[in-house]
Amino acid sequence: MGVIFLCCDSCFKEWPHPDEKQRLDLSRKLNLEPRQVKFWFQNRRTQMKNQLERHENVMLRQENDKLRVENVAIKDAVRNPICNHCGGVAMLGNITIEENQLRVENAQLRDELSRICGLAEKFLGRPVTPLASPIALPRPSSNLELEVAGNGFGGLSSGGTSLPMGPLTRPGMMGVEKPFNSSVFVELAVTAMDELLRLAQADSPIWMTSLDGGKETLNPVEYMRTFSPCIGLKPSGFVTEASRETGIVMINSLALVETLMDGSRWAQMFPCVIAKASTTDVLSSGIGRTRHGALQLMHAEFQVLSPLVPVRQVKFLRFCKQHGEGLWAVVDVSIDTALDGASINSFVNCRRLPSGCVVQDLSNGYTRVTWIEHSEYDESAVHYLYRSLLSSGLGFGALRWLATLQRQCESIAILLSSTVPCEDHSVLTQAGRRSLLQLTNRMRDNFCAGVCASTVRMWNRLHVASLGEDVKVMTRKSMNIPGEPPGVILSAATSVWMPIMHQQLFSFLRDERQRSKWDILSNGGPMQEMIHIPKGQTSSNCVSLLRLNTRNQNDNTMLILQETWADASGSLIVYAPLDVASMRAVMTGGDSSFVALLPSGFAIVPDGSSGYGDDWSGKLARGSSNKGSGSLLTVAFQILVNSLPMAKLNVESVETVNSLLSCTINKIKSAVSSA
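Cut-offs and rules
Residues numbered from 1 in each chain as written. Predicted model: local features only at pLDDT ≥ 70, side-chain atom pairs only at ≥ 80, totals over all residues. Heavy atoms only, no water. UniProt positions renumbered as here; feature names shortened; annotations may be inferred. Helix = DSSP H or I, 4+ residues; strand = E, 2+ residues; numbered from the N terminus. Buried < 20%, exposed > 50% of the residue type's maximum accessible area, 1.4 Å probe, protein only. Contact = heavy atoms within 4.5 Å. Core = buried A, V, L, I, M, F, W, Y, C linked by side-chain atoms within 4.5 Å. pLDDT = per-residue confidence, 0-100. Pairing = 2+ DSSP bridges. Phe/Tyr/Trp six-rings, centres within 6.5 Å; stacked < 30°, edge-to-face > 60°. Disulfide = S-S within 2.5 Å. Axes fitted to C-alpha atoms, helices over the stretch in contact; angles between N-to-C directions. Parallel < 35°, antiparallel > 145°, perpendicular 65-115°, else oblique. Left-handed = near helix turned anticlockwise from the far one by under 90°. Nonpolar A, V, L, I, M, F, W, Y, C, P; charged D, E, K, R; others polar. Salt bridge = Lys/Arg side-chain N within 4 Å of Asp/Glu carboxyl O. Polar contact = N/O pair within 3.5 Å; in protein donor to acceptor, adjacent residues only side chain to side chain.

Under an unreviewed UniProt entry, the chain has the name Homeobox-leucine zipper protein ANTHOCYANINLESS 2 and belongs to Vitis rotundifolia. In UniProt, the chain has this text filed under Subcellular location (unreviewed entry): "Nucleus". Taken verbatim from the UniProt record of the chain, the Sequence similarities (unreviewed entry) comment is "Belongs to the HD-ZIP homeobox family. Class IV subfamily."

The structure is reproduced here in structure tokens:
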């Protein structure tokens, strides 16, 4: 029986609520009936609950005794007041006990006000003067409203402001909202900002440089010596990733800060990194119509374009502060542990330690951006193919954020330029160009939503044993959704390792002359580029409209809209077949939101074995030879398998999509191996 108890007890620590399969497996191992195992776990849970209640009762009794002693001491002090000047017995005169109690509370509130004002000085970066008049302050209400001369935390205007710092709420048991003191957020924001600035300092001993003078890695010993954990200790089973990158970006500091503090604009600036973002609460909108002192709660979903990497859902605090003329800093820090104590919620797969950017204006209208990413995540949920990529910082690290920001700002500048070249062999008006770019953005976003299991789209995953764990197949029903064909849509995606550098693989897949080697839509013939809209200084970053290159133009009943881009973190190729009539309407400036499309494409990243050895623009060159390195290729298709939304999905449709995936991958492998 002792062996049985030890075995059950060890299983109880791992899963206190076993399902039917776990109970059956355990009963077989212990030669017991499943009902015996079930009753043992029920009794064990009851026993643990009783022990916890007894422990809480003991703690409450001790706290109650402590309060009683303090109450007696306070009453004794009120009855026998001591003079602060002579130390003798004080004469209260006509002052009642209640009035004396108010004086005591008044002194306590003044101390609390001084503490908050000191915190405000750190928060705002300027002195804050507390109330000097010794008036009797009332008891603080649930809405902590304190008058602070100068500046406060609420509206943060230039005059005297009332601070409505509460009541904020946090999710409690059974979905019940519990009040939460917002001063905890302020303290956390100030601590995170201080850590970010020290991490951003050049030549800091917290960072170690690799032998080739390139990649920087965090020195864990120096980090632990310098900082205390601001959101608690690292959860068991989590690993740490930290990276830092500095670069020049084609944007001014004010525009970048406004983008970062707006959830919608932030997600649009990083379309393939952020699946979804929202601002859940604004504690402070800033001072004097600026973002200085802005503090807000946000929720975001971060993604790597692969079905083998889970989406990271993070709730965090974002704090923006101006440190000088043209010098800003924006910091993020997770609030999951700050809300619930040292223990992390079971559904959290990632914690965002103080991360963000320091932005400094340059004389030419550009900015120097130092980006820092520091996270802890559950590595066991990541497929082994992508563990090196994530640990190297290429997956969610600073290089990807900074490279995306540089590419997006360059694209915006080029598209807004009046002298942008546009190579087209047909009529494309300015309104048509704008409509075509809007359609391309929707195509890219739908592609990303079909690869990763984010909450942007309500996909239902199918578990088909014959497909294997590396292939993710999802389905959803489209009905009266603008921009989508009605019916049952199937999305299939998988990721494989390729023995070729990711730059070479990208160049092969975007070459329309070699498209027939892998694309069944080309019908074995070459493609011709009808329209080319550049979105970067390199020709690979562009939007294209392709058609089958045949002598008889009447045979072209289908066109292919395609977007391609590449930067230091990876590359993307997204395309979708469209009919000629729809494209004609778009090219003349028609509404593109009603054009139905289903995107397919490729996401390519280095395999992480060579770190930062990739160089697209020359700026991030590290001098690495990269011999023996490969790439990770994600292939994804979205296909309409039935035009009736209420139709049932059959196995043949799933097998057909899986066959298309396998055939495309095999063709690519064969083509690159023979090249």
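Next, the rest of the story.
### A word on the overall build of the chain
Scanning the chain from N- to C-terminus turns up 15 helices and 24 strands. For the chain, the proportion of its 675 residues judged to be buried stands at 48%. Taking all contacts inside the chain whose residues are at least 6 apart in sequence as the whole, residues at least 24 apart take part in 65%.

### Describing the UniProt feature "DNA-binding region" (unreviewed entry) in the chain
Here the UniProt-annotated "DNA-binding region" (unreviewed entry) positions come out as residues 14–52. Across residues 14–52, the secondary structure splits into 79% helix and 0% strand, with the terminal C-alpha atoms separated by 18 Å.

### Some words on the nonpolar core
Core analysis: the biggest nonpolar cluster contains 47 residues, and W266, F270, I274, W371 and Y386 have the highest contact counts within it. By residue number, the principal contributor to this core is helix α11 (residues 398–416), which donates six residues. Contacts of Y386, omitting those with residues within four sequence positions, involve V304, S306, L308, V309, S495, V605, L632 and T634. Counting residues in each nonpolar core, the second largest holds 33 residues, with L437, I533, M587 and A603 among its members.

### Concerning the confidence of the model for the chain
Per-chain confidence: the chain averages 80 in pLDDT, with 78% of residues scoring 70 or above. Model confidence for the chain, summarised as mean pLDDT per element, is weakest for strand β1 (residues 145–148) at 28 and strongest for strand β13 (residues 355–361) at 97.

### Considerations on the pairing of strand β22 (residues 570–579)
Across the 10 residues that make up β22, a large majority, eight, are buried. Sheet analysis places strand β21 (residues 558–567) next to β22, joined by 10 bridges and oriented antiparallel. Within β22, the residue paired with E563 across the bridge is V574. A loop of two residues connects β21 with β22, the two strands running antiparallel in sequence. Pairing of β22 with strand β23 (residues 600–606), which is carried by five bridges, proceeds in the antiparallel orientation.

### Details of the packing of aromatic side chains
Considering all chains together, one arrives at 11 aromatic pairs under this definition. Ring geometry for W266 versus F316: centroids 6.0 Å apart, planes at 75°, classification edge-to-face. With W266 in helix α8 (residues 263–269) and F316 in strand β10 (residues 312–324), this residue pair connects regions lying 50 residues apart in the sequence. Judged on exposure class, the residue W266 and its partner F316 are both buried. Geometrically, the ring pair formed by W518 and F602 is edge-to-face, given 4.9 Å between the ring centres and 85° between the ring planes.

### Some points on the state of the cysteines
Across all of its chains, the model carries zero disulfides by this definition. Here C452 stays free of any disulfide, with the sulfur of C448 as its closest cysteine sulfur at 6.9 Å.

### Considerations on the packing of helix α13 (residues 502–510) against helix α15 (residues 651–674)
Two quantities define a packed helix pair, namely the angle between the helix axes and the distance between the axes. The interhelical angle for the contact between α13 and α15, taken along N-to-C directions, is 110°, at an axis separation of 11 Å. In terms of their interaxial angle, α13 and α15 are classed as roughly perpendicular. Helix-helix and strand crossings are classified by hand; for α13 and α15 the assignment is right-handed. The segment α13 lies against α15, with L505, F508 and L509 engaging I668, A671 and V672. The residue inventory of the contact of α13 with α15, partitioned by class, reads six nonpolar, no polar and no charged.

### Quick look at unusual backbone geometry
Unlike most non-glycine residues, D203 shows phi in positive territory, near 55°. Position of D203 among the secondary structure elements: in the loop between α5 (183–200) and β5 (207–209). With relative accessibility at 77%, the residue D203 sits in the exposed group. Located in the positive-phi region is N480, a residue other than glycine, with phi close to 60°. Within the element layout of this structure, N480 appears in the loop between β17 (471–478) and β18 (487–498).

### Points about the pattern of salt bridges
Applying the stated rule across the entire model yields 17 salt bridges. Its salt-bridge partner being R352, residue D332 comes within 3.3 Å of it at the nearest N-O pair. Of the two residues, D332 is situated in strand β11 (residues 327–334) and R352 in strand β12 (residues 350–352); the sequence distance between them amounts to 20 residues. Taken as a pair, D332 and R352 share a single burial class, namely buried. As a salt-bridge pair, K535 and E563 come within 3.0 Å of each other at their nearest N and O atoms. Residue K535 is found in the loop between β19 (527–534) and β20 (542–548), and its partner E563 is found in strand β21; the two are separated by 28 residues along the sequence. Given the relative accessible area of 3%, E563 is considered buried. Overlapping salt bridges bring together R318, D332, R352 and E373 as one network.

### Considering the packing of helix α12 (residues 430–451) against helix α14 (residues 580–587)
Between α12 and α14, the least distance of the axes is 7 Å, while the angle of their chain directions is 125°. Taken together, the axes of α12 and α14 lie oblique to each other. Contacts between α12 and α14 involve G432, S435, L436 and L439 on the former and, on the latter, M583, V586 and M587. For the contact of α12 with α14, the per-class residue count stands at five nonpolar, two polar and no charged.

### What about the environment of I274?
Relative to the elements of secondary structure, I274 occurs in strand β8 (residues 274–284). Along the primary structure I274 and R312 are separated by 38 residues, whereas in three dimensions their C-alpha atoms are 9.6 Å apart. Once residues lying within four places of it in the same chain are set aside, the contact partners of I274 are W266, A267, E301, F302, Q303 and W401.

### Things to note about the side chain of S392
Mapping S392 onto the fold places it in the loop between α10 (384–391) and α11. One polar contact links the side chain of S392 to the main-chain carbonyl oxygen of L389, over a distance of 2.8 Å.

### Structural notes on the environment of V471
Position of V471 relative to the elements: it lies in strand β17. Judged by relative accessible area, which is 14%, V471 ranks as buried. The sequence separation of V471 and T494 amounts to 23 residues, and the corresponding C-alpha distance is 4.7 Å. When sequence neighbours within four positions are dropped, the list of residues in contact with V471 reads R461, A493, T494, N658 and L661.

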